[in-house]
Amino acid sequence: MADDTATSPRLLVVGPSWVGDMVMAQSLFMTLKAHHPEAYIGVLAPGWSLPILARMPEVDETIALDVKHGEFGWATRRAVAGKLKGRFDRAIVLPRSWKSALVPFLARIPERVGFHGEQRYWLLNARRQLDKRVLDQTVKRFVSLGVPEEQALTGDFAIPAPRLDVNGDEQQRLRDSLGLSSGPAIGMMPGAEFGPAKQWPLAHFRTLAERLVAEGYEVRVMGGPKDADAGETISQALPGVHNLCGRTQLTEVVDLLADCQQVVTNDSGLMHVAAAVGTRVQAVYGSSSPSYTPPLTENAEIHDLYLSCSPCFARECPLGHTNCLRHLEPARLLASIRAAGSASPRSLS
């Protein structure tokens, strides 16, 4: 990549399609601004992600690309590309799919950077090889596309931790509208879009919620509409446990997570959101690996049994038992929460 620190480059980043990946993409935006403080950064991304991108001060413009999963969306892509012609000097394409490189090509952006993949040779003109041994984490792969290629090949570059803006006034409004207290709260995120092999048992979440309420915490179960039933399982008939799944927008979840003392979460998109607002993260891993997608914060505790069969990276347990999650007892998480807080709100040990 050419050194254009003397100019003010206009950069378009084609963003990913998952919440966690979009949060991790902020590490790239921060890197681009560090190398080119006067750069103008636009992000082409699914419409659902625009509110969370608005919480990233490095992003100057967001452009919605609303194409359904699995849909080619030729007319939509062509229309968006038409609006981008002549506006950007360089495009950085984070997804490795053929379709993701199409808009920058149609917009005739002069330099189009991305990894080899899916026969994109004629769509990208600054292609890079992906060495998975060097770039062994998703966030490293993202950031590597924002540094000179010779530096990217060695993996010798900094990874800035994502940091989302938080709105204190919005936190108070949400507490009032959702009937939440201003006391110490623990967030719980039982969902994981990838599949059940990443999901700690709901019975474990429920047991932990019971213990936390007994010790004086409010518990807030958060997620999307698909997680509403899981939230009901955890919260049913438990005073002090609020099922907020499907009741909040993603940008509201940012403020609610920042309002929690700690969170208990699967390896999920909301885990990365919690890390990016500075909340203490208790992260549960089963089929996935904290080596590949860790919470990007020093303020985290990893809970992984490191069984011989994990990580398998499967959506469902190939052995049918999910022991990597079932055998991870709620008592372990409770002890970790207590240790992180020095004591529970009622000073119980």
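About the cut-offs
Residues numbered from 1 in each chain as written. Predicted model: local features only at pLDDT ≥ 70, side-chain atom pairs only at ≥ 80, totals over all residues. Heavy atoms only, no water. Helix = DSSP H or I, 4+ residues; strand = E, 2+ residues; numbered from the N terminus. Salt bridge = Lys/Arg side-chain N within 4 Å of Asp/Glu carboxyl O. Buried < 20%, exposed > 50% of the residue type's maximum accessible area, 1.4 Å probe, protein only. Pairing = 2+ DSSP bridges. Axes fitted to C-alpha atoms, helices over the stretch in contact; angles between N-to-C directions. Contact = heavy atoms within 4.5 Å. Core = buried A, V, L, I, M, F, W, Y, C linked by side-chain atoms within 4.5 Å. Expected span 1.5 Å × (residues − 1). Arc of directions from axis to C-beta. Phe/Tyr/Trp six-rings, centres within 6.5 Å; stacked < 30°, edge-to-face > 60°.

Colleague: Is there a simple way to explain unusual backbone geometry in this structure?
Modeller: Apart from glycine, the bulk of residues carry a negative phi angle, and the bulk of peptide bonds sit in the trans form. Looking along the chain, the bond that leaves S310 and enters P311 is cis, with omega of 0°. Counting through the fold element by element, P311 comes out in the loop between β12 (300-303) and α12 (323-326). Of note in this structure, F313 is not a glycine but carries a positive phi near 60°. Counting through the fold element by element, F313 comes out in the loop between β12 and α12. Unusually for a residue other than glycine, T322 sits at a positive phi of about 50°. As for its placement among the helices and strands, T322 is situated in the loop between β12 and α12.

Colleague: What should I look at first to understand the pattern of salt bridges in this one?
Modeller: Once the charged atoms of two side chains with opposite charge are near each other, the side chains can pair. One pass over the structure, following the stated rule, counts 15 salt bridges. Where D267 meets K198, a salt bridge forms, and the shortest distance between an N and an O atom there is 3.6 Å. Placement of D267 in the loop between β10 (262-266) and α11 (269-276) and of K198 in the loop between β7 (185-189) and α8 (202-214) is noted, with a sequence separation of 69 residues between them. Like D267, the residue K198 is buried in the burial classification.

Colleague: When you look at the environment of I186 in this model, what are you seeing that I'm missing?
Modeller: Structurally, I186 is set in strand β7. In this structure I186 comes out as buried when scored by relative accessible area, which is 0%. Put simply, I186 and A276 are 90 residues apart on the chain and 16 Å apart in space, counted from C-alpha to C-alpha.

Colleague: Can you walk me through the sheet that holds β10 in this structure?
Modeller: Two modes of strand pairing occur in sheets, parallel and antiparallel, and in both the strands are linked by backbone hydrogen bonds. Across the sheet, six strands lie side by side as β9-β8-β7-β10-β11-β12; this open sheet has parallel pairing. In this open sheet, the two edge strands, each paired with only one partner strand, are β9 (241-243) and β12. Across the sheet, the mean angle from the axis of one strand to that of its neighbour is 15°, orientation sign disregarded. Both β7 and β10 contribute to a ladder of four bridges, which runs parallel. Along β10, the bridge assignment pairs M188 with V264. Contacts between helix α9 (residues 228-235) and the sheet are confined to β7, β8 (218-221) and β9, with β9 contributing the most and set at about 165° to the helix.

Colleague: It is not clear to me how the nonpolar core should be interpreted in this structure. Could you clarify?
Modeller: Across soluble globular proteins, nonpolar side chains have a tendency to be buried as a group. Formed by 57 residues in total, the largest nonpolar core has its most connected members in F29 and L257. If you tally residues by element for this core, the top one is helix α1 (residues 19-35), at seven residues. Here F29 is in contact with V13, I41, V43, L53, M56, E58 and V59, once residues within four sequence places are set aside. Ranked by size, the runner-up nonpolar core spans 22 residues in total, among them F205, L212, C324 and L325.

Colleague: How should α8 be read in this particular structure?
Modeller: Along an α-helix, residues three or four positions apart point the same way, because every turn accommodates 3.6 residues. Here α8 spans 18 Å end to end across 13 residues, near enough to the 18 Å set by a 1.5 Å rise per residue. Looking only at α8, the buried set comprises H204, F205, L208, A209 and L212. For α8, the arc enclosing every buried residue in end-on projection is 135°, short of the 170-degree limit, so these residues lie on one face.

Colleague: Got a minute to help me understand the packing of aromatic side chains in this structure?
Modeller: How two aromatic rings sit relative to each other is set out by the distance from centre to centre and by the angle between their planes. This structure, assessed with the given rule, holds six aromatic pairs. A centroid spacing of 6.2 Å and a plane angle of 15° characterise the contact between F72 and W74, whose relative ring orientation is stacked. For W74, a relative accessible area of 37% puts it in the partly exposed group. On the numbers, 6.2 Å between centres and 55° between planes, the contact of W98 with W122 is tilted. Placement of the pair is W98 in the loop between β4 (90-93) and α4 (102-106) and W122 in the loop between β5 (111-115) and β6 (126-128), with a sequence separation of 24 residues. A network of ring pairs unites the aromatic residues F72, W74, W98, F105 and W122 as a single cluster.

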